[in-house]
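Report on the structure
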Amino acid sequence: MSIFSAPHFHNEAAAIARLEEIVWPEGPHCPRCGGFDRITLVKGGRAGLRRCGPCKREFTVTVGTVFERSHVKLHLWFQAAHLMASSKKGISAHQLHRTLGVTYKTAWFMEHRLREAMANGSIIPLGGEGKTLEADTTYIGGKEKNKHKVKRAEKPQIGGMGKQIVHTLVERGGAARSHHIPSISGKTLRPILNKHAHRASHFMIDTAGGYYQVGKEFASHSMVDHGIDEQVRGNVHSNTVEGCFSVLKRGIVGTFHHVSEQHLHRYLAEFDFRYSNRSALGVGDEARADRALRGIVGKRLTYRDSSVPGTARE
């Protein structure tokens, strides 16, 4: 039986009830005053409309979430969330608009709202005693020869010049966190590692610059030298983080084709979310979609904030 046969994928009342289960696991509460007392359904009101007894405000489960004031039916949001959560390399806005029967502009905005929900705001460091972290950087962007003439650099580009730099930190057997950074240097990388990497971890890298001094602060610090074609030395390698980059690049090249600098951080959040909630960690497609929907609370993303669709062609 298809997952989309579940009622909340095609019935609006069931979708509202399902979202209430996800967002309000302890029961309905007012998003304005936070109260749980005297929350009642509004008779004759639209589906899911409730009133708070103490503050007299009316609200639905979407208030205070990325779905607030959305004119898209909630069951379509569930379909979009499941498609994004279950597609390893993502699903383009053009594909989503054809699948859901909404406009491209609507599909584009829906995806960015869901990416906002997937973004990990945790400041708990990855790794810890007895755990291994891998860190590396990569470049995102097309080759100069494939660009339109007016967008090509006048002089040949060296290395990653003209491309966007992505730094990813991965805990072996755990989660990943990626950041769009302006340059590869200790000055840029140290704040990220200070915030997201536990110093009791074993730290694995390649010979890329920027890690040498900060690497000494970890329980152990090892590196492989790709310059001499060294990929693995015992337990020392950066293959895990390289695997993350592989999925990210295949998604950008094969699914999205182009990602603007302005929105790159949201695409990174999407790929990090799927990696950190993957099947190998016991998280199936349905559970992954539910986790994405739990992240909608306390976040708003207006169309004006996300700019216009033309900046992120897919």
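Residues numbered from 1 in each chain as written. Predicted model: local features only at pLDDT ≥ 70, side-chain atom pairs only at ≥ 80, totals over all residues. Heavy atoms only, no water.

**Quick notes on helix α2 (residues 74-86)**
What counts here: Every helix listed is a DSSP run of H or I at least four residues long, and every strand listed is a run of E at least two residues long, numbered separately from the N terminus. To estimate the expected span of a helix, count its residues, drop one, and scale the result by 1.5 Å. Relative accessible area decides the class of each residue, using a 1.4 Å probe on protein chains only: under 20% of the type maximum gives buried, over 50% gives exposed, and in between gives partly exposed. Two residues form a contact once any of their heavy atoms are found within 4.5 Å.
The terminal C-alpha atoms of α2 lie 18 Å apart, and with 13 residues this matches the ideal 18 Å at 1.5 Å per residue to within 8%. The buried fraction of α2 amounts to 12 of the 13 residues, a majority that puts the element mostly inside the structure. Within α2, the full set of buried residues consists of L74, H75, L76, W77, F78, Q79, A80, A81, H82, L83, M84 and A85. Residues of α2 that are buried sit in contact with α1 (12-23), α3 (93-100), α4 (104-118), α8 (264-276) and α9 (285-294).

**A short note on the pattern of salt bridges**
What counts is decided by this rule: Take a side-chain nitrogen of Lys or Arg and a carboxyl oxygen of Asp or Glu: if they are within 4 Å of each other, that pair is a salt bridge.
For the structure shown, the criterion picks out 14 salt bridges. Between R18 and E21 there is a salt bridge, with the nearest N and O atoms lying 3.0 Å from each other. Remark: E21 and R18 occur in helix α1; sequence separation between them is 3 residues, near one turn of the helix. Residue R190 is joined to E217 by a salt bridge in which the shortest nitrogen-to-oxygen separation is 2.7 Å. With a gap of 27 residues between them, R190 in helix α5 (residues 186-196) and E217 in the loop between α6 (212-215) and β8 (220-224) connect regions that are remote in the sequence. For R190, a relative accessible area of 30% translates into the label partly exposed. Because the salt bridges share partners, they merge into one network encompassing E111, R115, E270 and R274.

**Considerations on the packing of aromatic side chains**
Two aromatic rings, taken as a pair, are described by how far apart their centres are and by the angle between their planes. In plain terms, the rule: Working definition: a ring pair exists when centres of Phe, Tyr or Trp rings (six-membered ring for Trp) sit within 6.5 Å. Plane angles under 30 degrees give stacked, over 60 give edge-to-face, the rest tilted.
Tallied over the full model, the rule gives 7 aromatic pairs. Arranged with centres 4.9 Å apart and planes meeting at 70°, the rings of F256 and Y267 form a pair that is edge-to-face. Linking F256 in helix α7 (residues 239-256) with Y267 in helix α8, this pair joins segments that are 11 residues apart in sequence. Taken as a pair, F256 and Y267 share a single burial class, namely buried. With 6.4 Å between their ring centres and 80° between their planes, F256 and F271 make a pair best called edge-to-face. Of this pair, F256 sits in helix α7 while F271 is found in helix α8, placing the two residues 15 residues apart along the sequence. We note that F256, like F271, is buried.

**Let's talk about the sheet that holds strand β1 (residues 39-41)**
Under the convention used in this document: Here the rule is simple: two strands pair whenever DSSP picks up at least two bridges between them.
In spatial order, the strands read β1-β2-β3; together these 3 strands make up an open sheet with antiparallel pairing. The sheet is open, and its two borders are formed by β1 and β3 (58-59), each paired with just one other strand. Note: β1 against strand β2 (residues 50-52), 3 bridges, orientation antiparallel. What sits directly across from T40, in β2, is R51.

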